Amino acid sequence: RARDAKGNRDSNIVEVSTIFQANGVQLLGQYEMDTAADLDVDNARDLAFISQWHDEGVSIVDLSANKENPTLLATLDNIGYNADVQVKGDYLYIAHEHWGRGIDIYDISDPSDPSLVKKVGPNTGYPFGLEDCHNLWLQPDRDLLYCASSANGNVEILSIGENGLGSPTAPSHLASLSLNGDWGVHDVYAEDNTLYVGFLDAGFAIYNITDPSSPVLQAQKGYEDAFCHNVWPSTDGQYLFSTDEIPEGHLRIWDISDLGNISQVASYQPNEDAIIHNVEVVDDHAYISYYTEGLK
């Protein structure tokens, strides 16, 4: 959009052509499996943890010896409808959906022989929303765990040691967050004192989590045809990238430098039939996954 010296914008939108460089992503290695739903990597030990959806388990794959030919260390079999996996330290956290299991926590100090140490779900002293967990996020810079629950549509915030509450194997519940919408929450991203949440048809929301037991809603952005699947901020925190996981949905880029006046500044869609899934931002690159368009 045109902008004058004072920073004011007019309503004229200028289309800009983009030429992409040659493919800079090359396949290094591959591990064959029937299904792969989600994965996380322990960079310190060169391990990949890959969920296999439904009740097919989680594979623990060793990348350290030869990344061109990864090898299987262990498999967690018949553990339920696992949707999301994340690793922090010596513990693997597995989110479950539709099976009334919430989150399972495994000790992976010996990755060839993982052991279940805790179930966080029904009849374990946790809120009803933790009956299931579609997506989870372990905040890298704080001892906080976020569960996006399909059961109640809320974000459930738990401490795994934050401010002396809970531990990696015994999370302590801190707060629940929700917005008015038909579909509830889907995914979250947290960094420092800010939590970004995708609320599907309700758009997205941004919270101050300086005190994670009492989050403060700083901004909510609804928009036409919203189905906000995931959100991820730019490295400098001035922009937010969002994905609408519906036919004709696409990547949107929002200016969030003024939380009282959030505006969309750009969008990207490779073609009108592409259905976007997730976006992650690393430094100056956005990595975008699609159902039928691969990775861009």
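Let me begin by describing the structure that accompanies this report. Owing to the predicted nature of the structure, the values given are computational and were not obtained by experimental measurement. (Residues numbered from 1 in each chain as written. Predicted model: local features only at pLDDT ≥ 70, side-chain atom pairs only at ≥ 80, totals over all residues. Heavy atoms only, no water.)

1. Comments concerning the environment of Gly-294
Convention followed: Helix and strand assignments follow DSSP, with helices taken as H or I runs no shorter than four residues and strands as E runs no shorter than two, numbered in order from the N terminus. Relative accessibility decides the category of a residue: with a 1.4 Å probe and only protein chains considered, values under 20% of the type maximum give buried, values over 50% give exposed, and everything between is partly exposed. Residue contacts are counted whenever heavy atoms from the two residues lie within 4.5 Å of one another.
Looking at the element boundaries, Gly-294 is found in the segment after strand S22 (285–290). Residue classification places Gly-294 among the partly exposed positions, given a relative accessible area of 38%. Spatially, the C-alpha atoms of Gly-294 and Ile-276 are 9.5 Å apart, while their sequence positions differ by 18 residues. Excluding its chain neighbours within four sequence positions, the residues that come into contact with Gly-294 are Ile-288 and Ser-289.

2. Examining the side chain of Asp-244
Formally: What qualifies as a polar contact is a pair of N or O atoms within 3.5 Å, subject to a donor-acceptor requirement within protein and to the restriction that residues adjacent in sequence count only when both atoms come from side chains.
Among the structural elements, Asp-244 can be located in strand S18 (residues 239–244). The buried category is assigned to Asp-244, whose relative accessible area is 1%. A polar side-chain atom of Asp-244 sits 2.7 Å from a polar atom in the side chain of Tyr-223. Apart from the residues within four sequence positions on either side, Asp-244 is in contact with Tyr-223, Asp-225, Ala-226, Phe-227, Cys-228, Gly-249, His-250, Arg-252 and Ile-276.

3. Points about the sheet that holds strand S12 (residues 172–177)
What counts here: We call two strands paired when DSSP finds no fewer than two bridges between them. Here an axis means a line fitted to C-alpha atoms, over the contact stretch when the element is a helix, while the angle between two N-to-C directions is reported on a 0 to 180 degree scale.
Spatially, S9-S10-S11-S12 is the arrangement adopted by the 4 strands of the open sheet, whose pairing is antiparallel. Only two strands of the sheet have a single neighbouring strand rather than two, namely strand S9 (135–138) and S12. For this sheet, the mean inter-axis angle between neighbouring strands, taken without regard to orientation, is 20°. Judged from the 4 bridges that link them, S9 and strand S10 (residues 144–148) form a sheet pairing that is antiparallel. Each bridged residue has a counterpart across the sheet, and for Leu-138 the counterpart in S10 is Leu-145.

4. Focus on the sheet that holds strand S2 (residues 47–51)
Taking strand neighbours across the sheet as the criterion, the 4 strands line up as S1-S2-S3-S4 in an open arrangement whose pairing is antiparallel. Strands with a single pairing partner mark the edges of an open sheet, and in this sheet they are strand S1 (38–42) and strand S4 (71–76). When the angles between neighbouring strand axes are averaged without regard to direction, this sheet yields 20°. Sheet topology places strand S3 (residues 58–62) next to S4; 5 bridges connect them, and they run antiparallel. The residue bridging Ile-60 from the neighbouring strand is Ala-74, located in S4.

5. Observations concerning the side chain of Ser-149
With respect to the helices, strands and loops of the structure, Ser-149 is situated in the loop between S10 and strand S11 (155–159). Of note is the side chain of Ser-149, whose polar atom sits 3.1 Å from the side chain of Asp-132. In this structure Ser-149 touches Gly-129, Asp-132, Cys-133, Asn-154 and Val-185, once residues within four positions along its chain are discounted.

6. Quick notes on the packing of aromatic side chains
Quick note on the threshold: Aromatic pairs are defined between Phe, Tyr and Trp rings, using the six-membered ring for Trp, whenever the two ring centres lie within 6.5 Å; interplanar angles under 30 degrees are classed as stacked, those over 60 as edge-to-face, and all others as tilted.
On inspection of all chains with the given rule, the structure shows 7 aromatic pairs. Taking 5.8 Å as the distance between ring centres and 80° as the angle between the ring planes, the aromatic pair formed by Trp-183 and Phe-227 counts as edge-to-face. With Trp-183 in the loop between S12 and strand S13 (187–191) and Phe-227 in the loop between strand S16 (216–221) and strand S17 (228–233), this residue pair connects regions lying 44 residues apart in the sequence. A relative accessible area of 58% places Trp-183 in the exposed class.

7. Section: the environment of Leu-73
Here Leu-73 is to be found in strand S4. For the pair Leu-73 and Ile-262, spaced 189 residues apart in sequence, the C-alpha separation works out to 47 Å.

8. Observations regarding the pattern of salt bridges
Threshold: Salt-bridge detection follows one rule: a side-chain nitrogen of Lys or Arg within 4 Å of a carboxyl oxygen of Asp or Glu.
Taken as a whole and judged by the stated rule, the model has 7 salt bridges. Across the pair Asp-143 and Lys-88 runs a salt bridge, and its minimum N-O distance is 3.7 Å. In this pair, Asp-143 is assigned in the loop between S9 and S10 and Lys-88 in strand S5 (residues 82–88), connecting sequence segments 55 residues apart. Taken together, the shared-partner salt bridges in this structure form one network comprising Arg-101, Asp-104 and Lys-119.

9. Some details on a nonpolar patch on the surface
We count it as follows: Patch membership requires more than 30% relative accessible area and the absence of a salt bridge. Residues of like charge join within 9 Å; the nonpolar side chains Val, Leu, Ile, Met, Phe, Trp and Tyr join within 5 Å. Each accessible area value is a Shrake-Rupley result obtained with a 1.4 Å probe; residue values ignore everything except the protein chains displayed when judging cover.
On the surface, a nonpolar cluster with roughly 370 Å² of combined accessible area is contributed by Val-25, Val-282, Tyr-287 and Leu-295. If you trace the backbone, Val-25 turns up in the segment before S1.

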